[in-house]
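A look at the structure
Below, each chain spelled out in residue letters.
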Amino acid sequence: MWGGRFAAGPASIMREINASIPFDKRLWKQDIAGSKAHVAMLAARGIVDGEDAQAITEGLNRIAAEYEADGVPVNLDLEDIHMVTESRLAELIGPAAGRLHTARSRNDQVATDFRLWVRDAIDEVEAGLLALQRALVTRAHDHADAVMPGFTHLQSAQPVTLGHHLMAYYEMVRRDRSRFADARARLNECPLGAAALAGTGFPTDRHMTAAALGFAKPTDNSLDSVSDRDFALDYLMAATQASLHLSRLAEEFVIWASQPFGFVKLPDAYSTGSSIMPQKRNPDAAELVRGHAGRIMGCMNALCVTMKGLPLAYSKDMQDDKPPVFEAHDLLGLSIAAMTGMVETVTFRTDRMRGLAESGFATATDLADWLVREGNIPFREAHHITGRAVAAAEAAGVPLDRLPVGTLKDIDARIDERVYAVLTVDASVASRKSHGGTAPDQVRARIAQAKQELGL
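This is a predicted model, so every value here is computed, not measured.

1. Some remarks on the overall build of the chain
- Counting secondary structure elements, the chain contains 18 helices and 6 strands.
- Since a compact globule built from 456 residues should have a radius of gyration of about 23 Å, the 30 Å found for the chain marks it as more spread out than a globular shape.
- By principal-axis analysis of the C-alpha atoms, the chain measures approximately 100 × 55 × 40 Å.
- When the 456 residues of the chain are sorted by exposure, 48% land in the buried category.

Okay, structure coming up:
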């Protein structure tokens, strides 16, 4: 490739460290697409004659068929997917293959290929997250009024509905999808034609190649074009946020599947057994999703550190930009698929959820709110009175709604029998009618909106 300048070949270790073909072979479809768009533009502008352009295009099509059938050959001497393809093209069509690299560099070539790959990756993630949202909405619809304890600090706080809880994850995934959409919109500019760093003296048409590859426009600065990896960082940051949300849902399933909670029974398809304890049903899929989040976060950090001190324009450090993105994408795809499958097939033990909601004094805030409404008591005073009532119920070993009215009156004379109307968990959730609240009517209204958003 650069034999005219160098008298000797690279050392064996240089050959090994310099080659990226073991991982960048994943870019082959994008590399073929970019090359075909480039040669079509070169022919349209009269830079390469039509006969050579046709031979190049036919050769690229043949190479694509070979890669599809047999995979990309790994040849460290040819370094990367670009040179492997160009070398094979020369074998197929002869010297005309050398015209393909007119008015471009591997710098703008890889920047284009990588953008195309990340764009495709975002589309795959979008489809997966959409499926997860549909699963969440479907299960939330089934359990819009199923009472469960809501937690803060993993302590029973106030009763909510399972539908409301699941819809909280719907909202998280909605934001994840918006981040990926934003990343896709920002990356959709084409670097092809920026050449090594300064542009080219050939009369190219960068708008033509951008349009052919589905980009909104060509990039506007040749230096930035070849050195920018913000699009990869945007992808990794969106992937990290999505993986954190998946990890939180996975953690819920791990906790809920434990015997002390017993809120869910995970399906066999997403569980494993023990090599020594026959009774075990381990939530391994959920635990692996939780673990993948750490690896995806590490991928984001790795690329941030790689890029943090690089001067313009291209540096060889940037060859290490692709492995963390490839790894994160693979892990994220597995995590989304696993969580979607679990949401779709998990058995929710709503009787167990309701029982725990009724046993944890979760309607204490309802008593305080009742005192504010009916007794015209400042909330802080009502909070203090309610705390005494909870202590009395705890001492008696009964929930608040079974504490005798006499005991409640001894705590505060303004309490009467009407208070029992708000002390059940059903009354509590039904009263939370504020926008976004857990009242079943509010939950069903949001589910209806979500179904419209998802086309269900």
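2. A short note on the pattern of salt bridges
- Applying the stated criterion to the full structure yields 31 salt bridges.
- Measuring nitrogen to oxygen at the nearest pair gives 4.0 Å for the salt bridge that ties R139 to D142. Separated by 3 residues within a single helix, R139 and D142 lie in helix α6 (residues 106–142), roughly one turn from each other.
- Where salt bridges share partners, they join R62, E66, R88 and E91 into one cluster.

3. Some details on unusual backbone geometry
- For the peptide bond that leads from L312 to A313, omega is 10 degrees, which places it in the cis range.
- By the secondary structure assignment, A313 is in the loop between α11 (284–307) and α12 (322–345).
- Backbone geometry places H153, a non-glycine residue, at a positive phi of 55 degrees.
- Structurally, H153 can be placed in the loop between β1 (147–152) and β2 (155–161).
- Judged by its relative accessible area of 77%, H153 is exposed.

4. Observations regarding helix α10 (residues 230–257)
- Here α10 spans 40 Å end to end across 28 residues, near enough to the 40 Å set by a 1.5 Å rise per residue.
- Counting buried positions along α10 yields 21 of 28 residues, so the element is predominantly enclosed.

5. Let's talk about the nonpolar core
- One finds F180, Y235, F253, W256 and L332 to be the most contacted residues of the largest nonpolar core, which totals 94 residues.
- Residue contributions to this core peak at 15 residues, all from α10.
- When neighbours within four sequence positions are excluded, L332 is seen to be in contact with V125, F180, Y235, A239, A242, S243, L246 and I296.
- With 19 residues, the next largest nonpolar core counts W370, L371, I377 and L403 among its residues.

6. Overview of helix α5 (residues 81–93)
- The end-to-end C-alpha distance of α5, which contains 13 residues, comes to 18 Å, matching closely the 18 Å that a straight helix rising 1.5 Å per residue would cover.
- Within α5 the residues assigned to the buried category are I81, H82, M83, V84, T85, E86 and L89.
- Structurally, α5 contributes buried residues whose contacts are with α2 (21–24), α3 (28–44), α4 (50–70) and α6.
- At the N-terminal boundary of α5, the capping side chain belongs to D80, with an oxygen 3.1 Å from the backbone nitrogen of H82.

7. Topic: the packing of aromatic side chains
- On inspection of all chains with the given rule, the structure shows 9 aromatic pairs.
- Where F114 meets F326, the ring centres are 6.3 Å apart and the plane angle is 75 degrees; that geometry is what we call edge-to-face. Residue F114 is found in helix α6, and its partner F326 is found in helix α12; the two are separated by 212 residues along the sequence.
- Between W256 and F263, the ring centres sit 6.0 Å apart and the planes meet at 55 degrees, which makes this aromatic pair tilted. The residues W256 and F263 share a single accessibility class, namely buried.
- By the ring-pair criterion, three or more aromatic residues cluster together here, those being F151, F253, W256, F261 and F263.

8. Description of the pairing of β2
- Across 6 bridges, β1 lies against β2 in antiparallel orientation. Looking at β2, one finds that F151 is bridged to S156.
- Between β1 and β2, which pair antiparallel in sequence order, lie 2 residues; one of them, H153, sits at a positive phi of approximately 55 degrees.

Conventions we followed
Residues numbered from 1 in each chain as written. Predicted model: local features only at pLDDT ≥ 70, side-chain atom pairs only at ≥ 80, totals over all residues. Heavy atoms only, no water. Helix = DSSP H or I, 4+ residues; strand = E, 2+ residues; numbered from the N terminus. Rg over C-alpha atoms; globule rule 2.2 N^0.38 Å. Buried < 20%, exposed > 50% of the residue type's maximum accessible area, 1.4 Å probe, protein only. Salt bridge = Lys/Arg side-chain N within 4 Å of Asp/Glu carboxyl O. Expected span 1.5 Å × (residues − 1). Core = buried A, V, L, I, M, F, W, Y, C linked by side-chain atoms within 4.5 Å. Contact = heavy atoms within 4.5 Å. Polar contact = N/O pair within 3.5 Å; in protein donor to acceptor, adjacent residues only side chain to side chain. Phe/Tyr/Trp six-rings, centres within 6.5 Å; stacked < 30°, edge-to-face > 60°. Pairing = 2+ DSSP bridges.

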